[in-house]
Amino acid sequence: MSGAALDDTCPRCGGGFHCGVNDARCDCFGLNLGAELKQRLAGEYPGRCLCVSCLKALQEEDEAALRRRETTPTAASPSAIRP
Ligand SMILES: [Zn+2]
Ligand SMILES: [Zn+2]
């Protein structure tokens, strides 16, 4: 046993990692995940933390999706703000 124990398994990629949520310091705290993404993760992986590479990948996906949503006019938006 040496260093931080990889005592958790990432439910997304299956890789071992250590979540420091109980140490009050975790890599996931440093990521600025969107509220929607956090909600989605809580629904998909209840009570679980993902490894940092998965969180980063999801964060990038989420940001790209948001950017696409902002630039692409959606006809199915019921609350579209009109100028
Ligand atoms: Zn992972
Ligand atoms: Zn964590």
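To keep things clear, this report deals only with the structure shown in the data block. (Residues numbered from 1 in each chain as written. Chains lettered and ligands numbered in written order. Predicted model: local features only at pLDDT ≥ 70, side-chain atom pairs only at ≥ 80, totals over all residues.)

1. Description of the overall build of the protein chain
Counting secondary structure elements, the protein chain contains two helices and two strands. In the protein chain, the succession of α and β elements from N to C terminus is β-β-α-α. A burial count over the protein chain gives 8% of its 83 residues as buried. Of the contacts made within the protein chain by residues no fewer than 6 positions apart, 55% connect residues no fewer than 24 positions apart. (Helix = DSSP H or I, 4+ residues; strand = E, 2+ residues; numbered from the N terminus. Buried ≥ 20, exposed ≤ 12 C-beta atoms within 10 Å, placed from the backbone. Contact = placed C-beta atoms within 7 Å.)

2. Considerations on the nonpolar core
One finds Cys 10, Phe 17, Leu 41, Cys 49, Leu 50, Cys 51 and Leu 55 forming the largest nonpolar core, which totals seven residues. Ignoring anything within four residues of it in the chain, the contact list for Phe 17 reads Leu 6, Asp 8, Cys 10 and Cys 51. (Core = buried A, V, L, I, M, F, W, Y, C linked by C-beta atoms within 7 Å.)

3. Some words on the environment of Glu 61
With respect to the helices and strands, the residue Glu 61 is situated in helix α2 (residues 52-71). Looking at Glu 61, the number of C-beta atoms within 10 Å reads 11, which means it is exposed. Glu 61 sits 24 residues away from Leu 37 along the chain, and the two C-alpha atoms are 9.8 Å apart.

4. A short note on the environment of Val 21
Inspection of the secondary structure assignment puts Val 21 in the loop between β2 (16-17) and α1 (35-44). Taking the C-beta count within 10 Å as the criterion, Val 21 has 12 such neighbours and is therefore assigned exposed. With 28 residues separating them in the primary sequence, Val 21 and Cys 49 have C-alpha atoms 8.5 Å apart. With residues up to four places along the chain from it excluded, the contact list for Val 21 reads Cys 26 and Cys 49.

Don't take any of this as a statement about function, it's just geometry.
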